[in-house]
Amino acid sequence: MNTMPACLAELLTRSEIVTAPDQVWQSIRLVPLVTTKVYDDLYLAKSAAPEGRVRAAVDKHKVYSAYVPHGLVLRASTVASRTQLGPPEQRWEATSWEQKYRLVHKGKQALHFLPQHLAISSFLAQYFEAPPIYWKDFYNRRSLKEGVGLRTANSLPGTYFDGLETALRHFEIYPRQVGMLLFMNDQLVNAVIYPHPRDYRALHALLLHDYYGQELWWSTLHHPQMSPLLPDDLVQGATLGDLKAHLHQHLQHITDFHGYMTRSLFREPVRWNKGMTYKDYRLHTFLGPMTYGQTGFAGEVIFSQERVAYLHAFWLSPQQVKEAWYCQHLEAHNWNPEATARALNMDFYTFVRKLADTHLRHMIQGPWIERAYKAHLTSIKRP
Amino acid sequence: MATYTAQVERDDLRLFFNACLSATAQAERDATWYEQRLALDFLHEYMRVNYRALYAKMVNLPINDFNRQQILYGLLRYPASQTHENPLIFQGLLRLPVHRVYKLFARLAQDRVNNRRTRQIIRAYVAHRNNLHFDLIKYRRLLRQILRHVHYPLSAEAYTFLFHKAWRQKVYTEPLFETFRQAHFSEKAIYQLPYTIAEGLAQRKGIPRERFLKHIRAQLTAQEAWRLQNTLGQSEALHAERMGLMDIVLYGLAQDEAGQQQAEEHLQRYLSQAKPPALHQRLAPGQQVIAVLDNSFSASGSRERKHRPLATALALHLYLSHWSRELGFAYKAFWIHPPAVGFESHPFRLKATGPTGLAAPFIEALQHEPQGIIVVSDGVENHPAGGVAWVLRQVKPSPWLVHLNPVWNPMDYQPRTLSPAMVTLGVRDVETLPLLLHLAPFFQGKMPLAELLSTLEDVL
């Protein structure tokens, strides 16, 4: 009953969500996600979450500081909630963030959360436990106590990307559209699914204020026109009936093509993080497959046994993926650095040096890093 | 070489004629007003420099007022020693609404265009209006610039009224001037002024809007009364000779449910009163014509031109379905997203939603084997992209094909085309359909320019 789906495509099949033909604006390709089953039991809206720059004290010495573009609130759909939001809610105070899940806040009747923040903030810190053993003084005391904490993540709001606003404004929303896949230079960078077509229409513009990886900015500076997907020519003497059939087939091909283009997000197995429940639904954050040198995805999903109600992905840069990749390998070897280096077929000091080149440097005790670099210097001095 | 030159000339003229039919400097969904303006200014300059004689002749063709105004400005601003232009210019001015003419003159004054021809034309126009005292009130700011610029001979009283610093202290014998002066001191006099002037004065005096509208009713022109009918809360009688089908459809699409009923009544009255148009031979009795109509989301238009593409499609549908019944040709419509049940009796409930999939309804239209197909769309095709062009590459259909596009695209100086095999015409008012069908062969290169110009008189 409580088995988690192996990959996200399984969730899409549950709701019968498929892609529809894309709409192109310069280098941006927008692929709508259209559903055949419309459920009316949930209602998602913008919430009164803190907006803009937010600072919240985590404890005496720590402050959580972030830019929050918007928050969302999920409620059980009733006639009242569909027509109006009821009395204005108490503003979601920053102090409530000090709870265990500081980015998710479960009220009596609704679930408040900050989209993408869950993914970013939990990207490293929550997926991997702290090293269980004090391997040869290798890790420092703080990381043993607190685990792998990613201290900062840089990203840009969509307004920084040339043409994104125009692309979203020109997009022709489908009648049963519940989600959107966003490609920049034919690279999948964002994906959303909302519970109901009505919610999608209302929240369509929020895609502009989402986070996008900082590295993407360079790739959209030059914006070549992406080509639309055109139907193939038929042999001479085709009848109108043939054309009709071929047109239908072409639309199916486009769907298959988008299925192929989104395989890194939907078809690969994902790693699930601890979640929370809301009515029959479960909110989980996930981490896609981490391949060295590739980009990846983190994100959050709300789903039930019947369907997926919400999905939001965050694009991870190769650097971020690299860190997660090291974490995965370390974890597989019980955080033993020597065993991991051996398994990766690397010299121990080379492994330490490469690890120290990532954000994970803060976990390692200083003398190990010094030794690793010294070994590196001697090795390159040798004739 | 000669054929090549002829082709270039025809393409230039086609480009410009298309722009003159549909382009205005209003923002479209895909382009801002500034982009439109920039592209249009270039196009006008290009035509004026290269085809001046033809450019001057365009003034009297059925183009929209914005472009007519631009052409007249170009001809007067950059004079050439061609006296045969003068009657054309004057005829063009008479075709424009008065406010556009005065704006044009004021722009010439601001640009310091003060050659003898311009002065004479402005004086002749003002004299021809023969309503100077009324114009001095209604267009006071513009005429102050214009008349000073051309040294127009004014009576002593008019001169004082227009230019004297202490014009308010004087009592005028001319009743219009006197009313205008009094309106600066008494509310009663405000209600005797034209609506546009009274509105500004009422606001300056702090008169509440409701009270103002109640008293100004008698002064409203037919168009003003039509525009204000919802604000005034009383339905206005339709002035069929002043209104077009597009006006009614645009009005209907902007209404809520109660207003839509009102608009349906207006529509019925308009269609029953309208004189049967001299339709093109392509719409002769016994012919079958099919319209493929775009009601995708992009048909909702821009904020400045709300619902314009949708209104064009709907108006063409209403026009063709009405006249097909009256005049005996067969007509059928295919919408991209079939309208809800009850559309025929409540046409204004039509909504613009969803993607643009023209290929499927186009194939269906071809399957009916009509004599002609008219496509009304803004040409932004995406379900799938390039569908109509693909269909026309696969089959060579026998019916004649016309694509009417209400949206001008400044990026390529013409409305978006769907396929090289289908002629694309800009459209502003669907009641010009006979003319557009007449133009289509010329745009396809099947009719020489001389023939077009000679036959155009008969169509108009």
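Every value quoted in this text rests on a predicted model; they were computed, and no experiment measured them. (Residues numbered from 1 in each chain as written. Chains lettered and ligands numbered in written order. Predicted model: local features only at pLDDT ≥ 70, side-chain atom pairs only at ≥ 80, totals over all residues.)

Participant: Please give an account of the overall build of chain A that cites residues and values.
Facilitator: Per the secondary structure count, chain A includes 13 helices and 18 strands. Considering chain A as a whole, with its 383 residues, one finds that 37% of them fall into the buried category. Residue pairs at least 24 apart in sequence account for 63% of intrachain contacts in chain A once pairs closer than 6 positions are excluded. (Helix = DSSP H or I, 4+ residues; strand = E, 2+ residues; numbered from the N terminus. Buried ≥ 20, exposed ≤ 12 C-beta atoms within 10 Å, placed from the backbone. Contact = placed C-beta atoms within 7 Å.)

Participant: So, the overall build of chain B: which residues are in play, and what are the values?
Facilitator: A count of helices and strands for chain B gives 23 helices and 7 strands. A compact globule built from 460 residues should have a C-alpha radius of gyration of about 23 Å, and chain B, at 25 Å, falls within 12% of that. With the C-alpha coordinates aligned to their principal axes, the bounding extent of chain B is approximately 80 × 60 × 35 Å. Relative to its full complement of 460 residues, chain B shows a buried share of 39%. Taking the contacts inside chain B whose residues are at least 6 apart along the sequence as the reference set, 69% of them involve residues at least 24 apart. (Rg over C-alpha atoms; globule rule 2.2 N^0.38 Å.)

Participant: Outline the packing of helix α20 (residues 359–367) of chain B against helix α21 (residues 387–394) of chain B, supporting the account with residue identities and numerical values.
Facilitator: Residues and elements named next belong to chain B. Packing of α20 against α21 leaves a shortest axis separation of 8 Å and a crossing angle of 35°. Between α20 and α21 lies a crossing of right-handed hand. On α21, the residues that touch Ala359, Phe362 and Ile363 of α20 are Gly387, Val388, Trp390 and Val391. Its residues assigned to classes, the contact of α20 with α21 shows 6 nonpolar, 1 polar and no charged. (Axes fitted to C-alpha atoms, helices over the stretch in contact; angles between N-to-C directions. Left-handed = near helix turned anticlockwise from the far one by under 90°. Nonpolar A, V, L, I, M, F, W, Y, C, P; charged D, E, K, R; others polar.)

Participant: Tell me what's going on with helix α22 (residues 433–443) of chain B, and back it up with residues and numbers.
Facilitator: All names here are of chain B. Here α22 lies mainly inside the structure; 8 of its 11 residues are buried. Among the residues of α22, those classed as buried are Leu433, Leu436, Leu437, His438, Leu439, Ala440, Phe442 and Phe443. Just downstream of α22, Gly445 is the residue with a positive phi angle, here 85°.

Participant: Before we move on, could you go through the nonpolar core and cite the residues and values that matter?
Facilitator: Residues Val249, Ala315 and Leu425 of chain B are the most contacted members of the largest nonpolar core, which totals 116 residues. With 9 residues, the top contributor of residues to this core is helix α19 (residues 308–327) of chain B. Filtering out sequence-adjacent residues up to four positions away, Leu425 of chain B remains in contact with Asn18, Leu21, Val402, Leu404, Leu436, Leu439, Ala440 and Phe443 of chain B. Counting 82 residues, the second largest nonpolar core, distinct from the first, contains Val178, Met184, Trp325 and Phe351 of chain A. (Core = buried A, V, L, I, M, F, W, Y, C linked by C-beta atoms within 7 Å.)

Participant: Tell me what's going on with the pairing of strand β16 (residues 281–287) of chain A, and back it up with residues and numbers.
Facilitator: Residues and elements named next belong to chain A. Most of β16 sits inside the fold, with 5 of its 7 residues counted as buried. Where strand β14 (residues 271–272) meets β16, 2 bridges bridge the pair, whose relative direction is antiparallel. For Arg271, the partnering residue across the bridge sits in β16 and is Leu287. Looking at chain direction, strand β15 (residues 276–278) and β16 are connected through 3 bridges and run antiparallel. Bridging from a neighbouring strand, Met276 pairs with Leu283 of β16. Between the antiparallel neighbours β15 and β16 lie 2 residues, among them Lys279 with a positive phi of about 55°. Taken together, the 6 bridges between β16 and strand β17 (residues 296–303) define a ladder with antiparallel strand orientation. Each bridged residue has a counterpart across the sheet, and for Arg282 the counterpart in β17 is Phe303. (Pairing = 2+ DSSP bridges.)

Participant: Requested: an account of the interface of chain A and chain B, with residues and values cited.
Facilitator: The interface of chain A with chain B comprises 21 residues on the first partner and 25 residues on the second. The element contributing the most residues to the side of chain A that touches chain B is helix α8 (residues 240–261) of chain A, with 7 residues. Split by residue class, the side of chain A that touches chain B holds 15 nonpolar, 3 polar and 3 charged.

Participant: Pulling in residues and values, what's your account of the sheet that holds strand β4 (residues 400–405) of chain B?
Facilitator: Picture the strands of a sheet paired through backbone hydrogen bonds; they go either parallel or antiparallel. All names here are of chain B. With respect to topology, 5 strands assemble into an open sheet ordered β2-β1-β3-β4-β7, the strand pairing being parallel. Of all the strands in the sheet, the pair left with one neighbour each is β2 (330–335) and β7 (423–426). The sheet shows a mean angle of 20° between the axes of neighbouring strands, taken without regard to direction. Sheet analysis places strand β1 (residues 288–293) next to β2, joined by 6 bridges and oriented parallel. Following the sheet pairing, Val292 is matched in β2 by Phe334. The strands that α19 touches are β1, β2 and β3 (372–376); relative to β1, the one it contacts most, it runs at about 160°.

Participant: Before we move on, could you go through helix α4 (residues 65–77) of chain B and cite the residues and values that matter?
Facilitator: Residue and element names in this part refer to chain B. For α4, with 13 residues, the first-to-last C-alpha span of 18 Å sits near the 18 Å given by 1.5 Å per residue. Of the positions making up α4, those classed as buried are Asn67, Arg68, Gln69, Gln70, Ile71, Leu72, Leu75 and Leu76. Contacts made by the buried residues of α4 are with α1 (2–22), α2 (33–50), α3 (52–58), α5 (85–95), α6 (98–110) and α7 (116–129). (Expected span 1.5 Å × (residues − 1).)

Participant: Before we move on, can you summarise the pairing of strand β12 (residues 187–193) of chain A with the specific residues and values?
Facilitator: Residues and elements named next belong to chain A. Across the 7 residues of β12, 6 count as buried, placing the element largely inside the fold. Two elements, strand β11 (residues 177–184) and β12, share 6 bridges in a ladder whose sense is antiparallel. Within the sheet, the bridge partner assigned to Leu182 lies in β12 and is Asn190. Between the end of β11 and the start of β12, which pair antiparallel, lie 2 residues, with Asn185 showing a positive phi angle near 50°.

Participant: Tell me about the environment of Leu436 of chain B, and please be specific about residues and values.
Facilitator: Residues and elements named next belong to chain B. Secondary-structure assignment places Leu436 in helix α22. When the C-alpha positions of Leu436 and Leu404 are compared, they lie 8.7 Å apart, and in sequence the two are 32 residues distant. Sequence-distant contacts of Leu436, that is, excluding residues within four places in its chain, are made with Leu404, Leu425 and Val427.

Participant: Residues and numbers for unusual backbone geometry, please.
Facilitator: The step from His383 of chain B to Pro384 of chain B runs through a cis peptide bond, and the omega angle for that step is -5°. Considering the arrangement of structural elements, one finds Pro384 of chain B in the loop between β3 and α21. Residues other than glycine seldom take positive phi values, yet Asn334 of chain A does so here, at roughly 60°. Its 12 C-beta neighbours within 10 Å are what place Asn334 of chain A among the exposed residues. Of note in the backbone geometry, Trp335 of chain A takes a positive phi value of approximately 65° without being a glycine. Topologically, Trp335 of chain A is positioned in the loop between α10 (318–332) and α11 (337–343). Given 25 C-beta atoms within 10 Å, Trp335 of chain A falls into the buried group.

Participant: Kindly report on the confidence of the model for chain A, identifying the contributing residues and their values.
Facilitator: Residues and elements named next belong to chain A. Averaged over all residues, the pLDDT of chain A equals 82, while 85% of them reach at least 70. Low confidence marks residues 84–92, where pLDDT is under 50. Its contacts with residues over four positions away, or in another chain, come to 11 contacts. Taken together, the stretch residues 94–101 has pLDDT below 50 and engages in 11 contacts with residues farther than four places along the chain or on a different chain. (pLDDT = per-residue confidence, 0-100.)

Participant: Describe the packing of α6 of chain B against helix α9 (residues 140–150) of chain B, listing the residues and the values that go with them.
Facilitator: Residue and element names in this part refer to chain B. α9 packs onto α6 with a crossing angle of 55° between their chain directions and a minimal axis gap of 9 Å. Considering their axes alone, α6 and α9 lie oblique with respect to each other. When you trace α6 past α9, the crossing you get is left-handed. Contacts between α6 and α9 involve Tyr102, Lys103, Phe105, Ala106 and Ala109 from the former and Leu142, Leu143, Gln145, Ile146 and His149 from the latter. Across the contact of α6 with α9, the residue classes tally to 7 nonpolar, 2 polar and 1 charged. (Parallel < 35°, antiparallel > 145°, perpendicular 65-115°, else oblique.)

Participant: So what about the environment of His133 of chain B? Which residues, and what values?
Facilitator: All names here are of chain B. With respect to the helices and strands, His133 occurs in helix α8 (residues 132–138). On the neighbour-count criterion, His133 (16 C-beta atoms within 10 Å) is partly exposed. Along the chain, His133 and Leu176 lie 43 residues apart, while their C-alpha atoms are 7.0 Å from each other. Ignoring anything within four residues of it in the chain, the contact list for His133 reads Glu174, Leu176 and Phe177.

Participant: Outline the environment of Ala311 of chain B, listing residues and values.
Facilitator: Residues and elements named next belong to chain B. You can see Ala311 is positioned in helix α19. Spatially, the C-alpha atom of Ala311 lies 9.5 Å from that of Pro406, the residues being 95 residues apart in sequence. Among all residues touching Ala311, those that are not within four sequence positions of it are Met246, Val249, Leu250 and Leu253.

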